[in-house]
Amino acid sequence: MAQATHGIGGLTYDPAKKARPPELNVFIALILIVVAFEAIGRLFIGDSFLFNTRPNVDAVFNWARLNIIILQVSIVGIIAVGVTQVILTGGIDLSSGSVVGATAMITMSFAQTAMVNGNPNPKAIFGDWAMDLPVIAPIAVGLGCGLAAGAINGVLIAYTRIPPFIATLGMMVFARGLSRWWSNGNPISFPTEGYAAIGRGMMPVLIFVLLAILFHLILTYTVYGKHTYAIGSNEDAARMSGIKVDRHKVLVYSIAGILAAVAAIVLSSKNLTAQAGMGVMYELDAIAMAVIGGISLKGGRGSILGTVLGALIFGVIISGFTFVRLDAYYQEMVKGMIIVGAVVLDQWRQRRSAGRN
């Protein structure tokens, strides 16, 4: 039987009630999902989900599938890093997917090469002055677009007291309309070699990992991180303790907008084109990744590490459905169930935590 020790004021500590880190629970869930798909593959398909079964290849793991898993979650994962910080403050961001679409269109306009196969660029948006610009130019334009969108969200939420759901919903609709208006719905293609290199190979994964590590350290060890958690835990108490809550919210939403712009830059570079429909549903996928990773929708609890694990779970599930040959429309239906299930899981975790206390 667990020994209870007495503390100050008669409070007791029971080791049996000590909870495991939520990230550990998410990691265990990831392992169990991989094992489940592996078992299904062995029993019903006659193939392995994780391991290589081709006789002419010496590799133990199926690196092609593993690369696909991390590639398909890396771009949305970049958005999820920003969305995580918004949710930690007790907010929500529904605009990130549309910001991706608008930013991709605008950024690609300044990343085009003048000549394509010896002929003038048929997709050119502007004149010669906007052609063959140094790669820093479209990147700066893209980051500026994301910053503007995020700052507008933050100002509306912090200073007009509009609920985050409404403010970011409005930005979502506006940004999607902007992306379609920018080139009358036509795709923008043929970037310069320097811009195309941003999304080549495993660069999206590297960018995602570096950003995740950076913001994990920032949230864990800096005043910015402490203020973010404090606002999400109790905004009134944070305000009374001297934290400039309104200014901090603008900063958090601005960072989320910048990270959505980074995702747009990587995505358009990877695809070598920008289209108005880019980023559709990315915001919900990002929110689902965060919630699956242990981020509380009420704010104040969770970590970037949990979000990264949530992204991996999301990627494994989607790749696993492809592995078992589940049709694409069924996959969309199941993704919807995952999003709802993630919210139900968050509510269950909150009730369990309240009961433990």
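Residues numbered from 1 in each chain as written. Predicted model: local features only at pLDDT ≥ 70, side-chain atom pairs only at ≥ 80, totals over all residues. Heavy atoms only, no water.

Caption draft 1: How the structure looks around the environment of Met203. Looking at the element boundaries, Met203 is found in helix α7 (residues 203-221). Judged by its relative accessible area of 32%, Met203 falls in the partly exposed class. Beyond its immediate chain neighbours, meaning those up to four positions away, Met203 contacts Ala197 and Ile198. (Helix = DSSP H or I, 4+ residues; strand = E, 2+ residues; numbered from the N terminus. Buried < 20%, exposed > 50% of the residue type's maximum accessible area, 1.4 Å probe, protein only. Contact = heavy atoms within 4.5 Å.)

Caption draft 2: View of the environment of Asn62. Within the secondary structure layout, Asn62 lies in the loop between α1 (22-45) and α2 (63-88). According to the relative accessible area criterion, Asn62 is buried, its value standing at 16%. Along the backbone, Asn62 and Tyr229 are 167 residues apart, and their C-alpha atoms lie at a distance of 39 Å. The contact partners of Asn62, leaving out residues within four places of it in the chain, are Leu50, Phe51 and Asn52.

Caption draft 3: Here's a closer look at helix α10 (residues 245-271). With 27 residues, α10 should reach 39 Å at 1.5 Å per residue; the first-to-last C-alpha distance of 39 Å fits that figure. Just past α10, the residue Leu272 takes up positive phi, approximately 60°. (Expected span 1.5 Å × (residues − 1).)

Caption draft 4: Spotlight on the environment of His216. By the element assignment, His216 lies in helix α7. Separated by 88 residues in the primary sequence, His216 and Ile304 place their C-alpha atoms 5.3 Å from one another.

Caption draft 5: Quick look at the packing of aromatic side chains. According to the stated counting rule, one finds nine aromatic pairs in the structure shown. For the ring pair Phe110 and Phe126, a centre distance of 5.2 Å and an interplane angle of 35° mean the geometry is tilted. One end of the pair, Phe110, is in the loop between α3 (96-109) and β3 (115-116); the other, Phe126, is in the loop between β4 (119-120) and α4 (136-159), with 16 residues separating them in the sequence. Residue classification places Phe110 among the buried residues on the basis of a relative accessible area of 16%. Judged by centre distance (5.4 Å) and plane angle (40°), the ring pair of Phe126 and Trp129 falls under tilted. For Phe126, a relative accessible area of 27% gives the class partly exposed. (Phe/Tyr/Trp six-rings, centres within 6.5 Å; stacked < 30°, edge-to-face > 60°.)

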